[in-house]
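Structure assessment
What follows is the residue order along each chain.
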Number of protein chains: 6
Amino acid sequence: MSLKNYSRIVTETVKKLSEQDSYNGLFHQQKDDEPFPSGEILSEIVGITRAILFPGFFGKSIINTNTISFHLGVNVERLYELLYTQVLAGLCFGDGCSYYEHCLNTLREKAKKITEHFIEYLPELRALLALDVKAAYNNDPAAHSTAEVIFCYPGLRAICNYRIAHKLLKLGVPLIPRMISEMAHSETGIDIHPEATIGHSFTIDHGTGVVIGATAIIGSNVTLYQGVTLGAKNFPLDEQGNPIKGIPRHPMIGNNVVVYSNATILGRINIGDNSVIGGNIWVTEDVPAGERVLQKK
Amino acid sequence: MSLKNYSRIVTETVKKLSEQDSYNGLFHQQKDDEPFPSGEILSEIVGITRAILFPGFFGKSIINTNTISFHLGVNVERLYELLYTQVLAGLCFGDGCSYYEHCLNTLREKAKKITEHFIEYLPELRALLALDVKAAYNNDPAAHSTAEVIFCYPGLRAICNYRIAHKLLKLGVPLIPRMISEMAHSETGIDIHPEATIGHSFTIDHGTGVVIGATAIIGSNVTLYQGVTLGAKNFPLDEQGNPIKGIPRHPMIGNNVVVYSNATILGRINIGDNSVIGGNIWVTEDVPAGERVLQKK
Amino acid sequence: MSLKNYSRIVTETVKKLSEQDSYNGLFHQQKDDEPFPSGEILSEIVGITRAILFPGFFGKSIINTNTISFHLGVNVERLYELLYTQVLAGLCFGDGCSYYEHCLNTLREKAKKITEHFIEYLPELRALLALDVKAAYNNDPAAHSTAEVIFCYPGLRAICNYRIAHKLLKLGVPLIPRMISEMAHSETGIDIHPEATIGHSFTIDHGTGVVIGATAIIGSNVTLYQGVTLGAKNFPLDEQGNPIKGIPRHPMIGNNVVVYSNATILGRINIGDNSVIGGNIWVTEDVPAGERVLQKK
Amino acid sequence: MSLKNYSRIVTETVKKLSEQDSYNGLFHQQKDDEPFPSGEILSEIVGITRAILFPGFFGKSIINTNTISFHLGVNVERLYELLYTQVLAGLCFGDGCSYYEHCLNTLREKAKKITEHFIEYLPELRALLALDVKAAYNNDPAAHSTAEVIFCYPGLRAICNYRIAHKLLKLGVPLIPRMISEMAHSETGIDIHPEATIGHSFTIDHGTGVVIGATAIIGSNVTLYQGVTLGAKNFPLDEQGNPIKGIPRHPMIGNNVVVYSNATILGRINIGDNSVIGGNIWVTEDVPAGERVLQKK
Amino acid sequence: MSLKNYSRIVTETVKKLSEQDSYNGLFHQQKDDEPFPSGEILSEIVGITRAILFPGFFGKSIINTNTISFHLGVNVERLYELLYTQVLAGLCFGDGCSYYEHCLNTLREKAKKITEHFIEYLPELRALLALDVKAAYNNDPAAHSTAEVIFCYPGLRAICNYRIAHKLLKLGVPLIPRMISEMAHSETGIDIHPEATIGHSFTIDHGTGVVIGATAIIGSNVTLYQGVTLGAKNFPLDEQGNPIKGIPRHPMIGNNVVVYSNATILGRINIGDNSVIGGNIWVTEDVPAGERVLQKK
Amino acid sequence: MSLKNYSRIVTETVKKLSEQDSYNGLFHQQKDDEPFPSGEILSEIVGITRAILFPGFFGKSIINTNTISFHLGVNVERLYELLYTQVLAGLCFGDGCSYYEHCLNTLREKAKKITEHFIEYLPELRALLALDVKAAYNNDPAAHSTAEVIFCYPGLRAICNYRIAHKLLKLGVPLIPRMISEMAHSETGIDIHPEATIGHSFTIDHGTGVVIGATAIIGSNVTLYQGVTLGAKNFPLDEQGNPIKGIPRHPMIGNNVVVYSNATILGRINIGDNSVIGGNIWVTEDVPAGERVLQKK
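Residues numbered from 1 in each chain as written. Chains lettered and ligands numbered in written order. Predicted model: local features only at pLDDT ≥ 70, side-chain atom pairs only at ≥ 80, totals over all residues. Heavy atoms only, no water.

Details of the overall build of chain A
Rules: Helix and strand definitions here come from DSSP, where helices need a minimum of 4 consecutive H or I residues and strands a minimum of 2 consecutive E residues; each element is numbered from the N-terminal end. Buried means the residue's accessible area, taken with a 1.4 Å probe over protein chains only, is under 20% of the maximum for its type, while exposed means over 50%, and partly exposed covers the values in between. Residue contacts are defined here by distance: any two heavy atoms, one from each residue, within 4.5 Å place the two residues in contact. The protein chains shown are the only cover counted for residues, whose accessible areas, like all others here, come from Shrake-Rupley with a 1.4 Å probe. We treat Lys and Arg as the positive residues and Asp and Glu as the negative residues; His and chain ends play no part in the count. Working definition for charges: the position is that of NZ of Lys, CZ of Arg, CG of Asp or CD of Glu.
In terms of regular secondary structure, chain A is built from eight helices and 14 strands. Along the longest, intermediate and shortest principal axes, the C-alpha atoms of chain A span 70 × 60 × 50 Å. A burial count over chain A gives 63% of its 297 residues as buried. Within chain A, residue pairs in contact and separated by at least 24 positions form 48% of the contacts whose partners lie at least 6 positions apart. As displayed, chain A has an accessible area near 10700 Å², and 51% of this comes from carbon and sulfur atoms. Averaging the coordinates of the 26 positive side-chain charges in chain A and doing the same for the 30 negative ones gives two points 3 Å apart.

A short note on unusual backbone geometry
Residues and elements named next belong to chain A. Backbone geometry places L175, a non-glycine residue, at a positive phi of 65°. With respect to the helices, strands and loops of the structure, L175 is situated in the loop between α7 (154-170) and α8 (176-188). A positive phi angle, near 60°, is found at H206, a position not held by glycine. Inspection of the secondary structure puts H206 in the loop between β3 (203-204) and β4 (211-212).

Observations concerning the interface of chain E and chain F
Test applied: By buried area we mean how much accessible surface two parts lose on assembly, using a 1.4 Å probe and totalling the loss over both. Here, a salt bridge means any side-chain nitrogen of Lys or Arg that lies within 4 Å of a carboxyl oxygen of Asp or Glu. Identification of polar contacts relies on pairs of N or O atoms within 3.5 Å, with a donor-acceptor requirement for protein atoms, meaning one able to donate a hydrogen and the other able to accept it, and with residues adjacent in sequence counted only if both atoms are side-chain atoms.
Every contact between the two is made by 54 residues of chain E and, on the other side, 58 residues of chain F. Summed over both partners, the interface of chain E with chain F comes to about 4800 Å²; 60% of that surface belongs to carbon and sulfur atoms. Linking chain E with chain F are one salt bridge. With its nearest N and O atoms 3.9 Å apart, the salt bridge here joins E148 of chain F to R178 of chain E. At the surface where chain E touches chain F, the tally comes to ten residue pairs in polar contact (both at pLDDT 80 or more).

Focus on the interface of chain F and chain D
Keep this limit in mind: In this classification, the charged set is Asp, Glu, Lys and Arg, the nonpolar set is Ala, Val, Leu, Ile, Met, Phe, Trp, Tyr, Cys and Pro, and all remaining amino acids, among them Gly, are polar.
Between chain F and chain D, the contact holds 54 residues from the first and 58 residues from the second. Between chain F and chain D the total buried area reaches about 4700 Å² when both faces are included, carbon and sulfur atoms providing 60% of it. At the junction of chain F with chain D, the criterion picks out one salt bridge. There are ten residue pairs in polar contact (both at pLDDT 80 or more) connecting chain F and chain D. Where the side of chain F that touches chain D is concerned, the elements lending two or more residues are α1 (3-18), α2 (20-23), α8 (176-188) and β13 (282-283) of chain F. For the side of chain F that touches chain D, a count of residues per class yields 21 nonpolar, 22 polar and eleven charged.

With respect to the packing of helix α3 (residues 39-53) of chain B against helix α4 (residues 68-94) of chain B
Residues and elements named next belong to chain B. The condition is simple: An axis is simply a line fitted to the C-alpha atoms; with a helix, the fit covers only the stretch in contact. Between two such axes, the angle follows the N-to-C directions and lies from 0 to 180 degrees. Note that the term roughly parallel is reserved for angles under 35 degrees, roughly antiparallel for angles over 145, roughly perpendicular for angles of 65 to 115, and oblique for everything else. Crossing chirality is assigned from the near helix's rotation relative to the far helix, an anticlockwise turn below a right angle marking it left-handed and a clockwise turn marking it right-handed.
Where α3 meets α4, the axes come as close as 9 Å, and the angle between the chain directions of the two elements is 150°. By the angle class used here, α3 and α4 are roughly antiparallel. Of the two elements, α3 crosses α4, and the hand of that crossing is left-handed. In this structure, α3 contributes I41, L42, E44, I45, I48, T49, A51 and I52 to the contact, and α4 contributes L72, N75, V76, R78, L79, L82, L83, T85 and Q86.

Some points on the pattern of salt bridges
Taken as a whole and judged by the stated rule, the model has 42 salt bridges over all chains. The closest approach of N and O atoms between R8 of chain B and E12 of chain B, which form a salt bridge, is 3.5 Å. Within this pair, R8 of chain B and its partner E12 of chain B are both found in helix α1 (residues 3-18), separated by four residues, close to a single helical turn. For E12 of chain B, a relative accessible area of 40% puts it in the partly exposed group. A salt bridge links E182 of chain F to R178 of chain F; the shortest N-O distance between them is 3.5 Å. With E182 of chain F and R178 of chain F both in helix α8 and four residues apart, the pair spans about one turn of that helix. In this structure, E182 of chain F and R178 of chain F share a single accessibility class: buried. Three or more residues joined by partner-sharing salt bridges are found here, namely E44, R78 and E81 of chain A.

Looking at the relation of the copies chain E and chain F
We count it as follows: All copies are superposed by least squares; the fitting set is the C-alpha atoms of residues with a pLDDT of at least 70 in both.
By a simple turn and slide, chain E fits onto chain F: the slide is 0.0 Å along the axis, the RMSD is 0.0 Å, and the turn is 120°. Put plainly, the chains are arranged around a three-fold axis. The overlap is low: 7% of the interface residues of chain E also sit at the interface in chain F, so different surfaces are used on the two sides.

A word on the sheet that holds strand β2 (residues 197-198) of chain F
Residue and element names in this part refer to chain F. Note the following rule: A pair of strands is labelled paired if DSSP reports no fewer than 2 bridges between them.
The four strands are arranged β2-β5-β8-β11 in an open sheet whose pairing can be described as parallel. Because the sheet does not close on itself, it has two edges, and the strands there are β2 and β11 (270-271). The pairing of β2 with strand β5 (residues 217-218) spans two bridges and is classified as parallel. Note that in β5 the partner of I198 across the bridge is I218.

Topic: the relation of the copies chain F and chain D
Superposition of chain F onto chain D requires a rotation of 120° combined with a translation of 0.0 Å along the rotation axis, giving an RMSD of 0.0 Å. With a heterologous cut-off of 20% or less, the 7% of interface residues of chain F that recur at the interface of chain D puts this contact in the heterologous class.

Notes on the packing of aromatic side chains
Defined as follows: Note on aromatic contacts: the rings of Phe and Tyr and the six-membered ring of Trp form a pair at centre separations within 6.5 Å, being stacked when their planes are under 30 degrees apart, edge-to-face when over 60 apart, and tilted otherwise.
Under the defined criterion, the tally for this structure stands at 36 aromatic pairs over all chains. Centroid distance F151 of chain D to F36 of chain F: 5.8 Å. Interplanar angle 75°. Geometry classified as edge-to-face. Taken together, the residues F151 of chain D in helix α6 (residues 146-152) and F36 of chain F in the loop between α2 and α3 (39-53) connect one chain to another. Of the two residues examined, F151 of chain D and F36 of chain F, each falls in the buried class.

Concerning the domain arrangement of chain A
Residue and element names in this part refer to chain A. Our working rule: Segmentation of the chain into domains, including their bounds, is taken from an automatic or database domain assignment.
Segmentation of chain A into domains returns domain 1 (33-189) and domain 2 (196-236 + 246-297). Domain 1 and domain 2 are separated by 26 Å when their C-alpha centres are compared. With 15 residues of domain 1 at the contact, the number on the domain 2 side is 17 residues. Where domain 1 abuts domain 2, roughly 1100 Å² becomes buried across the two surfaces, and 48% of that area is made up of carbon and sulfur atoms.

Some points on the side chain of T13 of chain B
Checked against the element boundaries, T13 of chain B lands in helix α1. At a separation of 2.7 Å, a polar atom in the side chain of T13 of chain B contacts the main-chain carbonyl oxygen of I9 of chain B. The contact partners of T13 of chain B, leaving out residues within four places of it in the chain, are I119, E120, L122 and P123 of chain C.

A closer look at the environment of T13 of chain E
Residue T13 of chain E is classed as buried on the basis of its relative accessible area of 4%. Taking the C-alpha atoms as reference points, T13 of chain E and A184 of chain E, separated by 171 residues in sequence, lie 37 Å from one another.

Now the structure itself:
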């Protein structure tokens, strides 16, 4: 290859790629002063939140009860700073940026309010996750201690990301919740849509391949094993043949339900309290409370 | 433990590990001046390619339409530099290195040619991925915008890596394509063999556990859900009882096919156009066009 | 938001989070001088071990047969240093730290002994993994070389982490083995409990979603495909209704068994030598030697 | 040391350090949304500026004449982004922050204007530094090429930082110019105050220990050697006995002057055109044009 | 070069370098569990100390008066952890390691005590540096604010390192103080021996080339300019002709003294209170209080 | 500033900076495949060389006499790899690149030979530096041990870089030696030209401001203090009025000479054996052996 040839190819390819027709619909134009959604910062946000909720387990410092408030104070402040930029980034992104120039200050105010609300929510979030930790320990005969659960159970990590993402979504933040749940999906193979509603004391064991859809509603004390799908059966189409967005289409799971590995539960059906769904099962109709549904042999 | 004991153990262990019998077949001897396949560099290559294809979504800079060509220019050049080293590394690796001394310059020329071809392919690659983005948006009622698809859908990420890897494989690069698809596999749980042939407007939703085998052929407008396997049924053995390599052994999927979660389709069978394969299904025989195959209850 | 408001919220939230009732059971108090289990260091440990076992494949240096012992020597020493701190961290963690002050020196001695044993085990570990590499190459028609298997097969990576973790567990190290196997789980979607017993020449292909339980026993020359579960059927409960820990509850798999994708094998059952378990199957009873169990259609 | 003792000491020390009397006058309170002067970012700014001015010498990319504008484009944009934040940081810092709340938007506008001016100044800055490079090459018999001067002469690096800092100071930026010149001071031992006025074709050889004061004025084609001081003789005091700030108090050096090593020139005196000042000399009175001042023996 | 030749050279050179005669006296053997003096950690220690002493100026967080104690608390704890390892490293190093095996626990106790003392000294250190800041501002007509002095005056940085190093030396720490002062020397060109005794309100302007010897004693309100040496005149030799270590051999400078640039003051002489020493002067005899010593012309 | 204005300014400035007239003489065009001189890599080279020469002092590993050859082996190999690229980079740079296309392979061979020679030189280099360490310890009453000298004396660091750079220069490497000595200059303020000739047992104390010119010749057992210049008096001009390059123009210093701080010795003069040059002295004529030259008072 001569240098001339190489230069020609680079120049021509760049020219083609710079034509508006080529990048139309694939180009994100960001405004000046506008923060950008950042996987790295979100990863730091999740890390700091975990360090706040489970003191001494994450982060590099040795903490004792006399000095715990120093560490919590610095972490809460740092969380505030980082979360604010990402909430603002999400708001700008969700806004379509169309009337951006007139409202950046409005979005800033909104981002600060949302961030404050999230900070105030932390003690409640900790209490909720404490129940998830306890449930995971009780449900797994292989767990030696709650510390082991906190330290290395992927199910807990996915639930922690979900609970953070769900709160942000409820506070009106676009995009960011989805990115936070995708981070857990990539790390654990557990895909919980942040819009899903999930009760306390929730356990996912092993977890790879679990999918929980956007409109799923899950009660308390529910346990899922790997490969469980809580999905949609089919999508009503609009007049143009496109799926209608936003319709409830995922299962409602009652309290104290166990769903074994690779079971697939589809559609807006009810799985009653205290029921058990066996592994590798395909369920598309309501299951009464207390029933055990197993694969026929 | 005395220091003496420790030194003895280290010294003896190192001695054992340094014996040729011990490392035989597990040792990769690289030549001087020969670049090495590097996961880190391949990760940077994929990142830059995505920054080129979807300007403004990836990378840290703010881009506008006036300055887009600067960014594309620098990224295309950087891609050239990095890709060249990895293509060359793949060629050297694939070559078994047996007659390496006489042909490094030949491999360098070949690597440059391949890299040039890939650079020239970028506009076409972008057009192809634009169709995948559009398909993912249309197929998922939970998607708010194509931007969200580009930004955080794991299915698109896996398809993007596949399309890069497939092109490199077609251009004759050993090993590197497999490494690129394994990177996506690790990140998303979606395992697409780079040799597979896949049409335009391809969607994978959720995706964890999807496996697409090396000789699979997939038409256009196909949608797969999590846990779908397009696998081989069994492997014809040669006279020594080892599987014969390179025989077509994976399914051929027609156009406009939907395969729901955890379905398993095995063997060199035909799944006809416009058919629907239900979840948790085991398919080992041809499915006619337009048919809906569901799990019996 | 006024600065005043922000300060009030931070201060009050930190106060709530610092109350002992809030962090009770979620707080890990580490002692002075006590090393901490570290995912980063464990990741480096696994990396160095792989560099020792497969010289020239991992790590950044060019190695030849004359200088291989230099590299092995430095890596073995570095492994010793790092592993010692993590074994000690695991011992302290597992100890509940209750009588820590009187026994740190005892734990240090123990950690050194364990680390020495692991170092001495390296040549045997290499021999074992050499058989796994060979089996993976022989079982996969798409594999071009054993080098490709070593370089990019996720199944081998998961097995490698398992064999390291299993040895450490056998040597009496708490927590650390579980962390090492979770690292592979996150990276590959393959979840092998370090307590499981697995014979030589073991292959996992594709692998996403594979789960192998703590009391599973697997023979030699066994092959598993993606999504296979070797799980527990149910857990005997104690008088308080909690699962009894430590009871054998996972399958025993014979020699030369193949289990196809997404099969689920549950409970303390026997899967006989030379048997074949088909995909998407649910098995809860013994399978005789040589039998082929397939899904009914 | 008991843990109790340690905790008491930390707690008490923190309490003392947190009292307002202790940190009074030593505490910098930054406002929300306000960028902070950052040595790291300034270092990147200087690096990018050098990469723009001397293409191909700095930065990691291979550049050729066909693609040079891509690289310049990306670098100029990046420089704009980074410089804007630091100019704004400097303006906020200089402002004493007293009436900050009402004027952040004004400072933002001002920062953008200043940054634009600096960007427009780049071609002129390059032309100016080209003369400095040429002068350094001509004055040093040990220099093999202008490339060597650009690549590794500390004198040129200090002059480059000075010319950047001086322009920013002239554009009204507080603090930042001083930080940029201190960076060169730390790296090269050459301390040029950014307020000093220096003509074209300026050379400093070796340079360690050179000090050029704030009100010094230096003509064209001037050469200084290591250890030269252009300083103030004494400082007029105000009524409180403090030095009066801002009075011209450093030398004025004519054109084509050479000052040899460790010479000290003090006070608002004139050193005439074409004069030569010998090494280790102490000069506090005017020197006529063309004169050679040497140390008496 | 053939590979064979290369291997031979490497192997032979390594063999020569590994002979004890070759590395005799140049080899530092560290014990197991013994921390090592680390420039990186010392750099972090100095950075944290500055962040504690001058809140809001250094470090990346935004601090306000409500939350300042959180930040100080975390920083003081971190300082404790890091400083303890380096104090212990210094004690082990200084000990010659000869009877190390019996006394590591003793040295640990000693390191903890010293670290505690240093932590308790922080408020006093801050008060002392506050006077240095004020003096630097008052003495330099070019200084716009004390903030500018704190933020970018190399003289203050060198004095800060000196005051840290001097305290550690007084507490009995070997080696580490010298390393801390060398860090400032490298960064600022100011070389203050940590054994020197220096009063309050000390100023060094510009500073490159300043040398202050180990037995120098400097009063309060002293100002030095660049290139000033406070050195030894000659060294009494012992019977073997080697310099006798530890004899007072550097000047004693009174209060309120100014020493202008490049002055050299040598030997155990007295420079009286309120005196002024002119630039480029060579002083080897006592100077009475109040006298102005200038270079003869 | 409107976005329009900003885009216009960037575009126009980039256009101006991309014109050949603007960057003429300031542009370094590197060839494909050609390594680039890299400060980062040179810094690593110097670090590894020091780790080889002074085992256990630098680098992060604990070394004992049993395992020292492992560490030396790996370091010598790594040094070979890195040094080869930089020697090649220097050769390409020095070549002016004019007939590059025909001779890259020749330069590669040359680079390998030079690198081999340097590797073989290491034992001799260590022996030489051992004498410098010993001399520094003997000459400084403040030095507690040779370990302290190795660990933190800037003079030794500068001499070490000089001896590395001088050897590479003698082996015919352009540019790289100068970069290595500039690294020490920046770090220590000591500027030794790599062409200078310096005997064994050389000491520089404190060192800031020391300058040793390219054609200086220094005997054995010489000690210099801070600020000493061994410079050129004047430069013979050629017919165009430019300094003639390459003429001997710096002093020749005999054996056992001491030069005190800030002395300036200029021109091709002889400073006889065993002589002493006092501080702040200006010497331009020969000094007989054994004489003490002091400043007149």
